[in-house]
Amino acid sequence: MNVLTDYRVEDEIAVITMQHPPVNSLGLALRQSLWKAIQQALSEAQVKAIVLCSSGKLFCGGADITEFANQQFFSEPDLNALCNMFEASPKPVIAAINGQALGGGCELALSADYRIAEAQAKIGLPEVHLGLLPGAGGTQRLPRLSNVETALEMIFHGKAQSAKKLASTGLIDRIHEGPEDLRAAAIRYAKELVAAQAPVKTCAEMQVDTSRLSEDFFNQFRANNKRALQGFYSPERCIEAVEAACQLPLLQGLAREAALFTDCMNTPQARAQQHLFFAERAAKKIPGVDPKTPPRPLHKVAIIGSGTMGGGIAMNFINAGIPTVILDLNAEALERGLEVIRKNYDISAKKGRFSAEQVQQILALLSTTTDYGDLSDADLVIEAVFEKMEIKQKVFQTLDSVCKPGAILATNTSTLDVNAIAAVTRRPQDVIGLHFFSPANVMRLLEIVRAEQTADDALISAVQMAAKIGKVPVVAGVCFGFIGNRMLEPYGREACRMLLEGATPAQIDGVLTRFGMAMGPLSVQDLAGIDIGALIRQGRREAIAHDPSYCIIQDKLYEMGRYGQKTGRGNYIYEGREQKEDPEVLELCRHTADELGVAQRQISEQEIIERTIYFLINEAAQILDEGIAYRSSDCDLVWVNGYGFPAWRGGPLQYADEIGLATVVAALKRLQKELGAYGEMWFTPAPLLEKLAADGKLFKDYSHPKYA
């Protein structure tokens, strides 16, 4: 028997054990091995029942999606055929589910006659996150074995459920608890079934129970989940597949599912979502750094600064069970910050995310201090003070004198030079950038900035730490704004310039939210604070002085004390949660345009896209060319997870690959001519973008010579 499965017969029970670490992914080799094993079990007369289990920590993580590229995913036996073979078995098949049964692993378990599972095991169909739907019977068998509501929720949202919860729906036949090994318990259960002459089950003989559903159940579900349907392709097909289960016999339902699966496979959305799936895995690979480098210990974390950012960062670590201390020299500010954290947990507890006891346990991990001496035993210190170089350098000089050797000293700067911060210490090898995104306890992205002298083990420690606190890590080199904020600069610059040229804030934001952005750039400025952007510009006047129009409207709003939502006035007027266009801002734009000699005109939706989204692409190309980012997918991860770029487009560079790099270059060159002196100033395509376009290549094909 193939080493990917172990086959043996114990007391008339054939036990097929998957042993393909780490997750028993159902690639061609494992499918072939399972096929041979089930055939052998069916051919041996002494075998009365079959147990399917795993030797690893989980039952099965699902299909091997790397096979999509080489078509092995469809090679015989494909997953559909394998599931059908298990379901057609005349001998009872018992799936013993430990750890997780996800995607194709869940569908394999659904094709069994009976399921025994550990109480804490997770079962789910996450294919929607890859732009797909379950394609091996999941949409047809799950509604039959549980109920329509449960099946639709699991398939549409892609969230796993506990076996204990699913037992109440009838999906899990027996929950296994206690010290007995699950494999042994499954064999014992199989013997009970044989002794009781339990029937072999097949979903072909089951009808979906729709008696509890209202006539407009599916349309109501669509209405309730309207936001989740926007832009994506597969969620609607998930609904249609479950609808088919309610209307069609199994074989016809499977055919409908297969057709919908194929439709999803051939969409830009599926390519985009799968691109992001692989991008997260690739981002953890750092060129030139041995992945086996031992990380530094992480037993205690210290945060400098008790404001919104410092408090949010601290919450990440105490949520992960890591003792954390917050330092602020202002005792009153420290108490206010602590109170905000407590309120955040109270809100979470009221929403049912934590119990009162869990909140107490989490908060017990948090302490505060006004004395730098209390940080002497911290393994990681993260500075989250005001975004000004002199202030941050002073903090790092103090940390250099009080922290133990080997402690990682991190700055949360969003734009400043990490090398310059490291230079004021005697241990630049221990200094790194950890750029959290606000709100830090919610946003998934963590930009890890690798300074010139950052040690490999400090870098590896940061990447592994990100996983512990549930973040998506992306490593960047040192430059103004790193990856994310550097790409943001031209995006925001063009949005502000178009205000002078005749576009309104609502027009610009409307175009970009229709494109799929979570928020428009001018709404984002109001949310983040117009004062923050103005202060950043003050620190880089030399770089922008050649353009007198550069974000001039935002600077004037700053001078007027209109900082955005925090003051109730910014690009818009805010009345409670309501955002309104402000005639004063429109007049300010007209008046300033007259002063600068900028002619106002009608600006098309396409031009707004080209001058914002295409500039994200252009700046990212320059970042890649300079080696600031290791790969194009890193830029995509940053913008999807940190800036609200639509996941269904896969990020700016995946989007560029879809529409063609030549399309982007042609638009930039056209605008360069059309916009006269301003176009000549800003609209030169990045050399790498031009070269890739000329060679007919894609961003995903590119590797910097340093990292190839």
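Whatever comes next refers back to the structure up there.
In this text the structure is predicted, and so the values were computed from the model without any measurement.

Enquirer: I tried to follow empty space enclosed by the protein on my own but got confused; where do I start?
Expert: In this approach the atoms are scanned with a rolling probe the size of a water molecule, which exposes any empty space left behind. Within this structure, the stated rule accounts for 1 cavity of 30 Å³ or more. Here the largest cavity defines a volume of roughly 40 Å³. Surrounding the largest cavity, Glu 87, Leu 110, Ser 111, Ala 112, Leu 145, Lys 201, Thr 202, Cys 203 and Met 206 form its lining. For the lining of the largest cavity, the class distribution of residues is 5 nonpolar, 2 polar and 2 charged.

Enquirer: What should I look at first to understand the nonpolar core in this one?
Expert: In terms of nonpolar packing, the biggest core is built from 102 residues, with Ile 483, Ile 613, Ile 617, Leu 689 and Phe 699 touching the most fellow members. Counting residues per element, this core draws most heavily on helix H27 (residues 605–626), which supplies 11 residues. Setting aside chain neighbours within four positions, we find Leu 689 in contact with Ile 617, Asn 618, Ala 621, Leu 661, Val 664, Val 665, Leu 668 and Phe 699. If you look at the next biggest cluster of nonpolar residues, it comprises 73 residues, including Tyr 7, Leu 82, Leu 110 and Val 128.

Enquirer: Would you mind going over the pairing of strand S18 (residues 572–575) with me for this structure?
Expert: Two faces belong to every sheet, and in a regular strand the side chains alternate between them. Summarising the sheet, S18 and strand S19 (residues 578–581) pair through 4 bridges and their orientation is antiparallel. From the neighbouring strand, Ile 573 faces S19, where its bridge partner is Lys 580. Adjacent in sequence and paired antiparallel, S18 and S19 are bridged by 2 residues, among which Gly 576 carries a positive phi angle near 65 degrees.

Enquirer: Before we go on, may I ask you to explain the pattern of salt bridges in this structure?
Expert: A side chain of one charge can pair with a side chain of the opposite charge when the charged atoms of the two come close. For the structure shown, the criterion picks out 47 salt bridges. Of the charged contacts, one joins Glu 501 and Arg 497 as a salt bridge, the two residues approaching to 2.8 Å between their closest N and O atoms. In this pair, Glu 501 and Arg 497 are both assigned in helix H20 (residues 484–501), 4 residues apart and thus about one turn of the helix distant. A single burial state applies to Glu 501 and to Arg 497, both of which are buried. Linked through salt bridges whose partners overlap, the residues forming this network are Arg 493, Glu 494, Arg 497, Glu 501, Arg 601, Glu 607 and Arg 611.

Enquirer: Sorry if this is basic, but what is going on with the state of the cysteines here?
Expert: As used in these notes, a disulfide is a covalent bond between sulfur atoms, one from each of two cysteines. Scanning all chains against the criterion turns up 0 disulfides. Cysteine Cys 60 shares no disulfide, and the gap to the nearest cysteine sulfur, in Cys 83, comes to 9.5 Å.

Enquirer: Is there a simple way to explain the environment of Leu 108 in this structure?
Expert: When you line up the elements, Leu 108 lands in helix H4 (residues 104–110). Here Leu 108 falls in the buried class, since its relative accessible area comes to 0%. C-alpha of Leu 108 to C-alpha of Trp 639: the two residues are 531 residues apart in sequence and 36 Å apart in space. Excluding its chain neighbours within four sequence positions, the residues that come into contact with Leu 108 are Met 18, Leu 26, Leu 34, Leu 52, Leu 82, Cys 83 and Phe 86.

Enquirer: What is the right way to read a nonpolar patch on the surface from this model?
Expert: Taken together, Phe 386, Ile 391 and Leu 535 make up a surface patch of nonpolar side chains, about 250 Å² in accessible area. Within the fold, Ile 391 resides in helix H17 (residues 389–402). Classification of Ile 391 as partly exposed rests on a relative accessible area of 33%.

Enquirer: Just to check I follow, could you spell out the packing of aromatic side chains for this structure?
Expert: Aromatic rings considered in pairs are described by the distance between their centres and by the relative angle of their planes. A complete count under the given rule lists 19 aromatic pairs for this structure. Taken together, the aromatic side chains of Phe 68, Phe 73, Phe 74 and Phe 261 make up a single cluster linked through ring pairs. Its guanidinium or amino end placed over the ring of Tyr 678, Arg 497 lies 3.9 Å from that ring's centre, counting from NZ or CZ. If you follow Arg 649 out to its NZ or CZ, it ends over the ring of Phe 515, 4.0 Å from the centre.

Enquirer: Could you clarify how one ought to interpret the packing of helix H6 (residues 148–157) against helix H9 (residues 217–224) in this entry?
Expert: In a packed pair of helices, the relevant descriptors are the angle between the two axes and the axis-to-axis distance. Following both chains from N to C, one finds H6 and H9 inclined at 35 degrees, their axes separated by 13 Å at the closest point. With respect to the hand of their crossing, H6 and H9 are arranged in right-handed fashion. Contact residues: H6 offers Val 148, Glu 149, Leu 152, Glu 153, Phe 156 and His 157, while H9 offers Phe 217, Phe 218 and Phe 221. Taken together, the residues of the contact of H6 with H9 sort by class into 6 nonpolar, 1 polar and 2 charged.

Enquirer: What am I meant to see in the pairing of strand S17 (residues 472–476) here?
Expert: The element S17 is extensively covered by neighbouring structure, given that 5 of its 5 residues are classed as buried. The handedness of the strand S16 (residues 445–449) to S17 crossover, carried by helix H19 (residues 456–468), is right-handed.

Enquirer: Got a minute to help me understand the packing of helix H21 (residues 505–515) against H27 in this structure?
Expert: H27 packs onto H21 with a crossing angle of 75 degrees between their chain directions and a minimal axis gap of 10 Å. The angle between H21 and H27 falls in the class roughly perpendicular. In this structure, H21 contributes Gln 507, Ile 508, Val 511, Leu 512, Arg 514 and Phe 515 to the contact, and H27 contributes Glu 605, Ile 608, Ile 609, Thr 612 and Ile 613. For the contact of H21 with H27, the per-class residue count stands at 7 nonpolar, 2 polar and 2 charged.

Enquirer: I'm lost on the environment of Gly 104 in this one. Help?
Expert: In this fold, Gly 104 is placed in helix H4. Judged by relative accessible area, which is 3%, Gly 104 ranks as buried. For the pair Gly 104 and Gly 62, spaced 42 residues apart in sequence, the C-alpha to C-alpha distance is 4.1 Å. Excluding anything up to four places from it in sequence, Gly 104 contacts Leu 26, Gly 62, Ala 63, Leu 79 and Glu 127.

Enquirer: Got a minute to help me understand the sheet that holds strand S10 (residues 301–304) in this structure?
Expert: If you trace the 8 strands from one edge of the open sheet to the other, you get S12-S11-S10-S13-S14-S15-S16-S17, paired in mixed fashion. Of all strands in the sheet, those with a lone pairing partner are strand S12 (366–369) and S17, marking the two edges. Direction aside, neighbouring strands of the sheet carry axes that sit 25 degrees apart on average. For strand S13 (residues 380–383) and strand S14 (residues 408–411), the ladder comprises 4 bridges, and the chain directions are parallel. The residue bridging Val 381 from the neighbouring strand is Leu 409, located in S14.

Enquirer: Got a minute to help me understand the environment of Ala 667 in this structure?
Expert: By the secondary structure assignment, Ala 667 is in helix H30 (residues 661–674). On the basis of relative accessibility, which here comes to 2%, the residue Ala 667 falls in the buried class. Put simply, Ala 667 and Phe 436 are 231 residues apart on the chain and 34 Å apart in space, counted from C-alpha to C-alpha. Other than its neighbours up to four places away in sequence, Ala 667 contacts Glu 610 and Tyr 614.

Enquirer: I would appreciate a short explanation of the side chain of Ser 306 in the present structure.
Expert: One can find Ser 306 in the loop between S10 and helix H14 (308–319). For Ser 306, the side chain forms a polar contact with the main-chain oxygen of Ala 333, separated by 3.3 Å. Not counting the four nearest positions on each side in its chain, Ser 306 is found in contact with Gly 311, Ile 326, Leu 327, Asp 328, Ala 333, Leu 334 and Gly 337.

Enquirer: Is there a simple way to think about unusual backbone geometry in this case?
Expert: Most peptide bonds take the trans configuration, and most residues that are not glycine carry a negative phi. For the peptide bond that leads from Glu 76 to Pro 77, omega is -5 degrees, which places it in the cis range. For Pro 77, the position within the fold is in the loop between helix H2 (67–70) and helix H3 (79–88). The linkage connecting Ser 438 with the following residue, Pro 439, adopts the cis geometry, with an omega of -5 degrees. With respect to the helices and strands, the residue Pro 439 is situated in the loop between strand S15 (431–436) and S16. A positive phi is found at Asp 11, a non-glycine position, where the angle reads about 50 degrees. With respect to the helices and strands, Asp 11 occurs in the loop between strand S1 (5–10) and strand S2 (13–18).

Reading the values: the criteria
- Every chain begins its residue count from 1, and numbering advances along the sequence as written.
- Only residues with pLDDT of at least 70 are given local features in this predicted model, and only at 80 or more are side-chain atom pairs given and counted; all residues enter the totals for whole chains, interfaces and linings.
- Hydrogens are left out, water is left out, and the side-chain values use all remaining heavy atoms of the structure.
- Within this scheme a cavity is a closed region of a 1 Å grid, computed over the protein atoms alone, that accommodates a 1.4 Å probe without allowing it to escape, whereas a pocket is open but has protein on both sides within 12 Å along at least five of seven lines; lining residues each have an atom within 4 Å of a point.
- Grid points are joined across faces, edges and corners, and a volume is the space filled by probe spheres set on the points.
- Each residue is assigned to one class: nonpolar for Ala, Val, Leu, Ile, Met, Phe, Trp, Tyr, Cys and Pro, charged for Asp, Glu, Lys and Arg, and polar for all the others, Gly among them.
- By nonpolar core is meant a set of buried Ala, Val, Leu, Ile, Met, Phe, Trp, Tyr and Cys residues that side-chain atoms within 4.5 Å join together.
- Per-residue accessibility, obtained with a 1.4 Å probe over protein chains only, is compared with the maximum for each type, and a residue is labelled buried under 20%, exposed over 50%, and partly exposed between these values.
- The secondary structure listing takes helices from DSSP runs of H or I that are at least 4 residues long and strands from runs of E that are at least 2 residues long, numbered from the N terminus.
- Residues count as neighbours in contact if any of their non-hydrogen atoms are within 4.5 Å of one another.
- Any two strands with at least two DSSP-identified bridges between them are counted as paired.
- The salt bridge criterion pairs a side-chain nitrogen of Lys or Arg with a carboxyl oxygen of Asp or Glu, the two atoms within 4 Å.
- Cysteine sulfur pairs qualify as disulfides if the two atoms are within 2.5 Å.
- Each patch groups residues whose relative accessible area exceeds 30% and which form no salt bridge, using 9 Å between like charges and 5 Å between nonpolar side chains of Val, Leu, Ile, Met, Phe, Trp and Tyr.
- Methods summary: accessible areas were calculated by the Shrake-Rupley approach with a probe of 1.4 Å, and residue burial reflects only the protein chains presented.
- Centres within 6.5 Å make a pair out of two Phe, Tyr or Trp rings, where for Trp the six-membered ring is used; the pair is then stacked when the planes are under 30 degrees apart, edge-to-face when over 60, and tilted otherwise.
- Throughout this description, the term charge over a ring refers to an Arg CZ or Lys NZ atom that lies within 6 Å of the ring centre and within 35 degrees of the ring normal.
- Lines fitted to the C-alpha atoms define the axes, with helices restricted to the stretch that makes contact. Angles between their N-to-C directions range from 0 to 180 degrees.
- Whether a crossing is left-handed or right-handed is set by the direction in which the near helix is turned from the far one by less than a right angle, anticlockwise for left-handed and clockwise for right-handed.
- Consider the strands pointing away from the viewer: the crossover is right-handed when the path from the first strand over the helix to the second runs clockwise.
- The scheme is simple: roughly parallel for angles under 35 degrees, roughly antiparallel for over 145, roughly perpendicular for 65 to 115, oblique for anything else.
- In protein, a polar contact means a hydrogen-donor-capable atom and an acceptor-capable atom, both N or O and within 3.5 Å, with residues adjacent in sequence counting only if both atoms are side-chain atoms; elsewhere, any N or O pair within 3.5 Å suffices.

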